[in-house]
Amino acid sequence: MSLRPALLVLAITAVLISGCDNAHPPAGRAPAPAPVHTQTVQLQDYRPAATVIGKAVASAQVDIKAKTTGLLEAKHFADGNAVEQGQILFTVEQTGLDLSLKKAEAQFQNARASLDQLTREERRQANLLASNAASKQAHDDALSARLVQQEAVKAALAARDLARKELNDSLIKAPFTGRLGQATVSVGDYLTPSQNLVTLTAISPMWVTFSLSQTQFNSLFPLGLDNALVKVILEDGTVLEDALLDYSAPDIDSDYGTVTLRASLSNDDDRLKPGQYVQVSVSGVTQQGVSLIPLKAVQQSSTGAFVYVVENAKAQTKPIQAMDWEADQFQVTKGLEQDTPVILDNLLKLYPGADVKVIEDAPATAGAK
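As a convention, each chain's residues are numbered from 1 in the sequence order in which they are written. Predicted model: local features are reported for residues with pLDDT of at least 70 only, side-chain atom pairs are reported and counted for 80 or more only, and whole-chain, interface and lining totals are derived from all residues. Think of the side-chain values as coming from all heavy atoms in the structure, minus any hydrogens and water.

Undergrad: Just to check I follow, could you spell out the overall build of the protein chain for this structure?
TA: The helix and strand labels rest on DSSP assignments: H or I over at least four residues marks a helix, E over at least two residues marks a strand, and numbering proceeds from the N terminus. If you tally the helices and strands in the protein chain, you get 4 helices and 24 strands. Accessible area is worked out with a 1.4 Å probe on protein chains only. A residue is then buried under 20% of its type maximum, exposed over 50%, and partly exposed in between. Burial statistics for the protein chain: of 369 residues in total, 34% are counted as buried. Surface exposure here means Shrake-Rupley accessible area, sampled with a 1.4 Å probe, where a residue is shielded only by the protein chains that are shown. Accessible surface, the protein chain: about 21600 Å² in total, of which carbon and sulfur atoms supply 53%.

Next comes the structure, spelled out in structure tokens:
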């Protein structure tokens, strides 16, 4: 080997050794502060909300049934019509029922006349007995006859009232205001008691039922359903704001872990139909002192959720209690104070007491709900 190549190899080796020595900082040198971005905590009033799918349900629905026997004499509506409470829907043949009522009335009047006669006779026998002009047996017989006839009058009265009821039942009326379905009978059909004739569905108020997960329910209503705000959103985007939350199931569905709720709203213009699917926006109770923290800033440990904050240019952990999350933010209810800078990034390089350098301070998300 010549002298020049040997000198070249030695020079390259010296440069590499020098570079390797500079790759590690001298022992005892502190690591550079980790660059981080922060968001300043702004405590605010916050009204949690959730939007879920709901279903319109009739507040009342009943099958109108026949109450008496006879031919259907008249139908007083068109299928699908809206009707008012008390409106006559069907008329059952009344001729036989009217005659039955007249007969029962006559029997009642006859029984009452007989009672009047027997009452007078019982009084006459009582007077004769008092003057020793009649026997006690005769008086007892008159008294017994009056008592028997008195019960016969009660029976005749009940028979008359029953006949009157059957006549009234021949006029089949709407029990509440609503909309009728399609009749299942035609004029001339022979009706029997309990036979279905038509379905009547209430159109106002209308109920909207929906479900919330247990977590959603607890975050929206930690103090109960008071002051809850419910809006129903139709398919075309129309928002109905007059809904009132009036029912919450007492138990949790064990299959789905959900709570069923119900809102009621007026529906006089027939904008909702039973079975119609809608969106339901539910706003819970307004809570004070809530901060909205980006999801990426929240860490989990064996003891619960926490965030890193900046204190005297160092990273420190703060345990937090989060109510829920929506979009990309946690709703933190406990653990953070006003104006605390929360670290948003470079979290894998952090540990309690680590030096940090704040690059910029991102403002807290504004606009409490």
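Undergrad: Sorry, what's going on with the pattern of salt bridges here?
TA: Note that side chains of opposite charge can pair when their charged atoms are close. Salt bridge criterion: a side-chain nitrogen from Lys or Arg within 4 Å of a carboxyl oxygen from Asp or Glu. A full pass over the atoms with the stated rule returns 17 salt bridges. In this structure, E121 and R124 form a salt bridge, with 3.0 Å as the shortest nitrogen-oxygen distance. Here the residue E121 and the residue R124 both occupy positions in helix α2 (residues 95-130), the gap between them amounting to 3 residues, near one helical turn. Owing to a relative accessible area of 28%, E121 belongs among the partly exposed residues under this scheme. You can call R124 partly exposed: its relative accessible area is 44%. Among the salt bridges present, the one from K273 reaches D270, with a minimum N-O distance of 2.8 Å. By relative accessible area, which is 41% here, K273 ends up partly exposed.

Undergrad: How should the sheet that holds strand β21 (residues 321-326) be read in this particular structure?
TA: Backbone-to-backbone hydrogen bonds pair the strands of a sheet. The strands run either parallel or antiparallel. Strands sit in the order β2-β17-β22-β21 across an open sheet of 4 strands; the sheet is antiparallel. Of all strands in the sheet, those bounded by a partner on one side alone are β2 (44-46) and β21. For this sheet, the mean angle separating the axes of adjacent strands, direction not counted, is 50°. A pair of strands is treated as paired once DSSP finds two or more bridges between them. In this structure, β21 lies alongside strand β22 (residues 329-334), joined through 5 bridges in antiparallel fashion. Under this scheme, a helix contributes an axis fitted over its contacting stretch, all axes are lines through C-alpha atoms, and angles between N-to-C directions fall in the 0 to 180 degree range.

Undergrad: When you look at the packing of aromatic side chains in this model, what are you seeing that I'm missing?
TA: Given two aromatic rings, their pairing is described by the distance between the two centres and the angle made by the two planes. For this analysis, a ring pair means two rings from Phe, Tyr or Trp (six-membered ring only for Trp) whose centres lie within 6.5 Å, classed as stacked if their planes differ by under 30 degrees, edge-to-face if by over 60, and tilted for the remaining angles. The full count for this structure, using the stated rule, is 3 aromatic pairs. For the pair F77 and F90, a centre-to-centre distance of 5.2 Å together with 85° between the ring planes defines the contact as edge-to-face. Here F77 is found in the loop between β5 (70-75) and β6 (82-83), whereas its partner F90 is found in strand β7 (residues 88-92), with 13 residues between them in sequence. Pair check on accessibility: F77 and F90 agree, each one buried. Definition used: whenever NZ (Lys) or CZ (Arg) falls within 6 Å of the ring centre and also within 35 degrees of the ring normal, the charge is taken to sit over that ring. Lying across the ring of F108, R160 places its NZ or CZ 4.8 Å from the centre.

Undergrad: Help me out: how do you make sense of the sheet that holds β5 in this one?
TA: The strand order across the open sheet formed by 4 strands is β8-β7-β5-β10, and the pairing between neighbours is antiparallel. This sheet does not close on itself; its edge strands, each paired only once, are β8 (171-173) and β10 (190-191). Summarising the sheet, β7 and β8 pair through 3 bridges and their orientation is antiparallel. What sits directly across from F90, in β8, is I172.

Undergrad: What's the story with the packing of α2 against helix α3 (residues 136-169) in this structure? I'm lost.
TA: Two quantities define a packed helix pair, namely the angle between the axes and the distance from one axis to the other. At their nearest, the axes of α2 and α3 sit 8 Å apart, and the two run at 165° to each other. Comparing the axis directions of α2 and α3 gives the class roughly antiparallel. Handedness of the crossing formed by α2 with α3: left-handed. What sets the label is the angle itself: under 35 degrees gives roughly parallel, over 145 gives roughly antiparallel, 65 to 115 gives roughly perpendicular, and the rest give oblique. Take the far helix as your reference; a near helix turned counterclockwise from it by less than a right angle gives a left-handed crossing, and one turned clockwise gives a right-handed crossing.

Undergrad: How should α2 be read in this particular structure?
TA: Residues spaced three or four apart along an α-helix face the same direction, because each turn holds 3.6 residues. Here α2 spans 53 Å end to end across 36 residues, near enough to the 52 Å set by a 1.5 Å rise per residue. Here α2 has its buried residues at L97, L101, A104, F108, A111, L115, T119, E122 and Q125. Looking at the buried positions of α2, the neighbouring elements they touch are α3. Immediately downstream of α2, the backbone of N132 shows phi near 60°, a positive value. By definition here, a helix of n residues has an expected span of 1.5 Å times n minus one. It only takes one pair of heavy atoms within 4.5 Å for two residues to be counted as in contact.

Undergrad: Quick question: what am I supposed to make of the pairing of strand β1 (residues 34-40) here?
TA: Residues in a regular strand project their side chains so that they alternate between the two faces of the sheet. Taking burial as the measure, the 7 residues of β1 include 5 buried ones, the bulk of the element. Direction of pairing for β1 relative to strand β23 (residues 341-343): antiparallel, over a ladder of 3 bridges. Bridging from a neighbouring strand, Q39 pairs with V342 of β23.

Undergrad: Is there a simple way to think about the side chain of Q149 in this case?
TA: Tracing the backbone through its elements, the reader meets Q149 in helix α3. Given a relative accessible area of 16%, Q149 falls into the buried group. Not counting the four nearest positions on each side in its chain, Q149 is found in contact with A111, S114, L115 and L118.

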